[in-house]
Amino acid sequence: MIRRAGPLSRAAIGERTGLSLPTVSRSVSALIGVGLVREHPELVPVGSIGRPRVPLHLDDGVFAVGGVHIGVSTTTYGLADLRGAIIASQELPTPSGDAEDALAHIAGKLRAFLRRFPRRVVLGVGLASGGQVDTERGLLDHERLGWRSVPAAEALRRATGLPVLLEGHVAAMASAELVFGRGASAPSLLYFYAREVVGIALVVEGRLHRGPWGGSTIAHLPVGGSAECPCGALGCLEAEVCDRTVAERAAAAGVVDEADIRLVRAAAAGGDSRAVGLLTDRAHTIGRAAAILRDVLNPHAVVLGGQAVTEDPDRLPDLLRSFRDTTTLPGPADLVSVTPFGPAVQAVAACTGLLTRVFENPFDFVRPTRKAPTP
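As a convention, each chain's residues are numbered from 1 in the sequence order in which they are written. With the structure being a predicted model, the display of local features is reserved for residues of pLDDT at least 70 and the display and counting of side-chain atom pairs for 80 or more, all residues being used for whole-chain, interface and lining totals. The side-chain numbers reported here are obtained from all heavy atoms of the structure, hydrogens and water having been left aside.

A word on the pairing of strand β6 (residues 121–129)
Exposure is judged per residue with a 1.4 Å probe applied to protein chains only, and the accessible area is read against the type maximum: over 50% gives exposed, under 20% gives buried, and values in between give partly exposed. Each helix corresponds to a stretch of at least 4 residues labelled H or I by DSSP, and each strand to a stretch of at least 2 residues labelled E; elements are numbered beginning at the N terminus. Counting buried positions along β6 gives nine out of nine residues, so the element sits mostly inside the fold. Here, a strand pair is defined by DSSP locating no fewer than two bridges between the strands. Two elements, strand β3 (residues 63–70) and β6, share seven bridges in a ladder whose sense is parallel. The partner of G66 across the bridge, within β6, is V125. Of the strand pairs in this sheet, β6 and strand β10 (residues 164–168) are connected by five bridges, and their pairing is parallel. Bridge pairing links A128 to E167 in β10.

Considering the sheet that holds strand β8 (residues 139–142)
Here three strands make up an open sheet; going across it, the order is β7-β8-β9 and the pairing antiparallel. Lying at the two open borders of the sheet, with one neighbouring strand each, are β7 (132–134) and β9 (147–150). Averaged over all pairs of adjacent strands, the angle between their axes in this sheet comes to 10 degrees, without regard to strand direction. Direction of pairing for β7 relative to β8: antiparallel, over a ladder of three bridges. Counterpart to V133 in the pairing with β8 is L140. Helix axes are fitted to C-alpha atoms over the stretch in contact, other axes to C-alpha atoms as well, and angles between N-to-C directions run from 0 to 180 degrees.

Thoughts on the sheet that holds strand β13 (residues 207–208)
The five strands lie next to each other as β13-β12-β11-β14-β15, forming an open sheet whose pairing is mixed. Looking along the sheet, the strands with just one partner apiece sit at the ends: β13 and β15 (336–338). In this sheet, β15 lies alongside strand β14 (residues 301–305) in parallel orientation, the contact comprising three bridges. Bridge pairing in β15 links L304 to V338.

What to know about the layout of surface pockets
Lining residues are those with an atom within 4 Å of a point, where the points come from a 1 Å grid over the protein atoms alone and group into cavities, where a 1.4 Å probe fits but cannot get out, or pockets, open sets with protein on both sides within 12 Å along at least five of seven lines. Grid points are joined across faces, edges and corners, and a volume is the space filled by probe spheres set on the points. Considered as a void within the structure, the second largest pocket measures approximately 550 Å³ in volume. In terms of lining residues, the second largest pocket is bounded by 25 residues, among which S73, T74, R195, D243 and I261 are the most central. Breaking the lining of the second largest pocket down by element, the ones donating at least two residues are β3, α8 (243–252) and α9 (261–269). Its residues placed into classes, the lining of the second largest pocket shows eight nonpolar, eight polar and nine charged. In this document the domain limits rely on a domain assignment from an automatic tool or a database. Mapping the lining of the second largest pocket onto the domain boundaries places at least three of its residues in each of domain 2 (63–174 + 345–364) and domain 3 (185–339). Here the nonpolar group is Ala, Val, Leu, Ile, Met, Phe, Trp, Tyr, Cys and Pro; Asp, Glu, Lys and Arg are the charged ones; every other residue, Gly included, is treated as polar.

Overview of the pattern of salt bridges
The term salt bridge refers to a pairing of a side-chain nitrogen on Lys or Arg with a carboxyl oxygen on Asp or Glu at a separation within 4 Å. For the structure on display, the rule yields 17 salt bridges. Across the salt bridge formed by R262 and D260, the nearest N and O atoms sit 2.8 Å from each other. Each of the salt bridges in this network shares a partner with another, and the network as a whole consists of R144, E196, E238 and R244.

Structural notes on the nonpolar core
Take the buried residues of types Ala, Val, Leu, Ile, Met, Phe, Trp, Tyr and Cys, join any two whose side-chain atoms come within 4.5 Å, and each joined set is a nonpolar core. Judged by nonpolar contacts, the single largest core of 30 residues is most densely connected at V68, I70, L127, W147 and L156. Of all elements in the fold, only β3, β4 (74–81), α4 (99–114), β6, β9, α5 (152–160) and β10 reach the threshold of two or more residues within this core. The greatest single-element share of this core, amounting to eight residues, is contributed by α4. Setting aside chain neighbours within four positions, we find V68 in contact with T75, T76, Y77, I106, L110, V125, G126, L127, A128, L156 and A350. Core analysis: the next-biggest nonpolar cluster, separate from the first, contains 24 residues, V24, V34, V121 and C351 among them. Any pair of residues with heavy atoms lying within 4.5 Å of one another is described as a contacting pair.

A word on the side chain of T245
Tracing the sequence through the fold places T245 in helix α8. Apart from the residues lying within four places of it in its own chain, the contact partners of T245 are A227, A239 and E240.

Below, the structure is given as structure tokens:
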């Protein structure tokens, strides 16, 4: 309650939840005792009559959660406070080689990253990745990395000694929207992600839809085009719009010296019409794909995320125009929005999965006998 609407007094919490004041007071006292919540007497209005209604809010100064997002080319490490704000993040190349060696490398980098914050008590680590994930068993299948049934969560747990929660990366991003973004208010929400991979997640009535076979996939949605997909077909969505394809096309056309999407964006910003054309074509394709999926699923809201969207703001009008030209359903003007997390979305998403578990069962992570360091 106070995470979403705080600061709130004990009385306000009771009014909103229907719980008795003694029940609220006992719960609040326990949370204050372990350092998850603190009182803010400075927020009591001056001149208040009667017993002060002291506001309470999350204590974001001590506890934190870590996060690791494993991408095809980049691995992101993050640390977030209890309000979901990113304290720090770091991007490093995803290591190549077999899964065991790669995860050992990632675990080592994670330990080094977390050691930079000795005054934070890290409650656990959220691990987010593309591919197919088995959240319950902590297993990861990632075709692009060549990983099969890899015990990724256990590898990081052994390396850090912390609880680790594995989640599909698009599902984790949708959870971040659910907890901190537009999903908190929309009855249903379609989250559409595009960067080096593409994916969607559906939130209905505040819950992330999970099918029987793990996360859904839109990688092979046929959108037309000449890019060859690993599946052997031409024109699959992921193959057409991923950073790699755009960069390789730019390099082949002599727009840039090497296949790097950052160079393509820089060329477009410098006025190169060929770079602008490549990024515009991608925006049109993303817009059409998002509209097709919107028409199939008919959500109340659509949120677009991933650097293919957030790092090309000049192409956003083209993307939205393509969406409007393709969708056949009516809808409000604000139906489609861009994630508020921008380039930090990978770090936010990785941390949010674990943070959600902390909110649901805080005493699974923080024991009353555990002492937090003095700030």
